[in-house]
Amino acid sequence: MRPFVRPSPMPGLSLSLGITLTMLSLVVLLPMAALLWQGASFGIGPMWDVIDRDRVWKALLLSFRVAFFAALFNLVFGVLLAWVLVRYDFPGRRLVDAAVDLPFALPTAVAGIALTALYAPNGLFGSWLKPYGIKIAYTEWGILIALIFVGLPFVTRTVQPVAEEIDREVEEASATLGASRFYTLCRVIAPMLAPAALTGFALALARAVGEYGSVIFIAGNIPMKTEIAPLLIVMQLEEFNYNGAAAIGIAMLAISFVLLLAINLLQIWSRRRIGHV
Amino acid sequence: MHIEIDEIAKSFGDTTALQPVSLAIPSGALVALLGPSGSGKTTLLRILGGLEYPTSGRVLFDGADSTGLSVQQRRAGFVFQSYALFRHMTVFENIAYGLKARPRKLRPPRAEIARRVAKLLDLIQLPGITDRYPTQLSGGQRQRVALARALAIEPRMLLLDEPFGALDAKVRKELRHGLREIHDATGLTTIFVTHDQDEAMELADLVVVMSMGRIEQVGRPQDIRERPATPFVREFITA
């Protein structure tokens, strides 16, 4: 039989694997197991009854739909931002570069309140948009903006180092072969950035699905309309309905797992294309 | 194609890469730009390829002023020192790239592209590697694939930047031979940059010795060896 740990010239595998697995178990797997445990003791039938309500379905759909579009927006603009930061030198570049991380540092509630203040009908942008009948805060658009805000750094920060690695000569080679700038962008640069961009997309999506702090301020939380799934969980908890909270939590976990698995497969495929590195 | 360089100068900010230089390259010649690093040889090559615009002066291709032609319009087959192969594409896709990148009207049909790629792979004596990725090739193979890729666009001239720089001595000798053969087979005006005088002397019909952004001497290898025009050339050749 092949030994579980194959001998390697690099020492320390069992030690580092041990530490890693212990940490992973303590920090990630145990809480998840507790969640599943709570659900299991509640029973599949009752759990389904909690989830299978119009209000919960609407909330789940809203959470994942808006998170998806926010991540999609971040994918496009995050890549663009990374490219601009890597390729062009302009006054204030370092400042912009540093500002990208701000959504990480800012408490999300602060972001939510700030965005609400701006986009509320009496806010700076909101009052300006109001005459045109455009309402941002307390609608899905408000949620979208909040999720875009919290997810922005992910794509930019994952793509940036990869963009830095791209050799200028590869682009020049493409041009000498007669390819237009656009063709080069689609056929040479995009495939090289794709795996990193997908990673960023997955991170931004995961972050947006679970986001709570900033959304509850700007969403207005109208049941069936702008009520996100994490808020429903909190509401169940406030009513001491731990089983109900666990049920919705497990539903979110299951959907997220399927989504992230799909993205991972897509990533493996795109990485194989640029593979053999 | 006959190439004429007319008083070309190039500076990057305060630093002068090229003093005004003039040079006429006869059609079908195999020319070496020889000089130490910083002599401006690569800059001159990049100006010919359209990757750099000169600060002043003109470039004439077959007598027509081509200074303002874009890289894409020049149709110069360019082999980079790093080869700059597309590593997410197979050898086939790399070589076919220039043909596939053409606007629809000028793009050859699929079968024609496949036929041409096969022919080029024969020319570089590497048939049967179509499905490999660049990272699965040896240095010498990569260099030849880069050459085939440059030839696929039916270039008007062939420009090579230190084409043998990253290879070991044995492969270098073989590929020198290969370049000579390809040059003779295609009849393309070929210009390569090198800092290795043996390489220049052995391979080129015409050697252009450069230093500090100036052309020191232009001549056939034996002329340069026998009658160095300046002390710099004498020293560089015997070094």
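What counts and what doesn't
- Residues numbered from 1 in each chain as written.
- Chains lettered and ligands numbered in written order.
- Predicted model: local features only at pLDDT ≥ 70, side-chain atom pairs only at ≥ 80, totals over all residues.
- Heavy atoms only, no water.
- UniProt positions renumbered as here; feature names shortened; annotations may be inferred.
- Pairing = 2+ DSSP bridges.
- Helix = DSSP H or I, 4+ residues; strand = E, 2+ residues; numbered from the N terminus.
- Polar contact = N/O pair within 3.5 Å; in protein donor to acceptor, adjacent residues only side chain to side chain.
- Contact = heavy atoms within 4.5 Å.
- Buried < 20%, exposed > 50% of the residue type's maximum accessible area, 1.4 Å probe, protein only.
- Core = buried A, V, L, I, M, F, W, Y, C linked by side-chain atoms within 4.5 Å.
- Buried area = accessible area lost by both parts, 1.4 Å probe.
- Salt bridge = Lys/Arg side-chain N within 4 Å of Asp/Glu carboxyl O.
- Nonpolar A, V, L, I, M, F, W, Y, C, P; charged D, E, K, R; others polar.

As named in an unreviewed UniProt entry, chain A is Sulfate transport system permease protein CysT, taken from Paenirhodobacter enshiensis. Quoted verbatim from the Sequence similarities (unreviewed entry) field of the UniProt record, the comment on chain A reads "Belongs to the binding-protein-dependent transport system permease family. CysTW subfamily." Here chain A is described in UniProt, under the heading Subcellular location (unreviewed entry), as follows: "Cell membrane".

## Describing the pairing of strand β10 (residues 214-219) of chain B
If a strand is regular, its side chains alternate between the two faces of the sheet. Residue and element names in this part refer to chain B. For strand β9 (residues 206-211) and β10, the ladder comprises five bridges, and the chain directions are antiparallel. Bridging across to β10, valine 208 finds its partner in valine 218. What sits between β9 and β10 in their antiparallel hairpin is a turn of two residues, with methionine 212 showing a positive phi close to 50°.

## Brief notes about the side chain of aspartate 196 of chain B
Residues and elements named next belong to chain B. Relative to the assigned elements, aspartate 196 resides in the loop between β8 (189-194) and α7 (197-203). Side-chain polar atoms of aspartate 196 contact the backbone nitrogen of aspartate 198, separated by 2.9 Å. Among all residues touching aspartate 196, those that are not within four sequence positions of it are Leu34, Arg172 and Arg176.

## Observations regarding the environment of glutamine 125 of chain B
All names here are of chain B. The residue glutamine 125 is located in the loop between α4 (110-123) and α5 (139-152) in this model. Among the residues examined, glutamine 125 registers a relative accessible area of 54% and is labelled exposed. Taking the C-alpha atoms as reference points, glutamine 125 and serine 211, separated by 86 residues in sequence, lie 36 Å from one another. Setting aside residues up to four positions removed in sequence, glutamine 125 forms contacts with Arg144 and Glu181.

## Remarks on the nonpolar core
Burial of nonpolar side chains together is a common tendency in soluble globular proteins. Counting 54 residues, the largest nonpolar core has Ile3 and Ile191 of chain B as the members making the most contacts within it. For this core, the element with the highest residue contribution is helix α10 (residues 181-210) of chain A, accounting for seven residues. When sequence neighbours within four positions are dropped, the list of residues in contact with isoleucine 3 of chain B reads Leu23, Ala24, Ile25, Leu48, Leu60, Phe61, Met157, Thr189 and Ile191 of chain B. Counting residues in hydrophobic clusters, the runner-up holds 47 residues, among them Leu60, Leu147, Ala208 and Ile248 of chain A.

## Brief notes about the interface of chain B and chain A
Facing 25 residues of chain B, the contacting portion of chain A comprises 24 residues. Of the roughly 2100 Å² buried between chain B and chain A, counting both surfaces, carbon and sulfur atoms make up 59%. When residues of chain B are sorted by the area they lose upon contact with chain A, Arg87, His88 and Tyr97 of chain B head the list and together hold 30% of the total. Of the charged contacts, one joins glutamate 172 of chain A and arginine 46 of chain B as a salt bridge, the two residues approaching to 2.6 Å between their closest N and O atoms. Between the two partners, chain B and chain A, sit six residue pairs in polar contact (both at pLDDT 80 or more). Among the elements of the structure, α2 (71-74), β6 (76-79), α3 (91-100) and α5 of chain B are those that each provide at least two residues to the side of chain B that touches chain A. Examining the composition of the side of chain B that touches chain A, we find that three residues originate from one element, α3 of chain B, more than from any other. Its residues assigned to classes, the side of chain B that touches chain A shows 14 nonpolar, seven polar and four charged.

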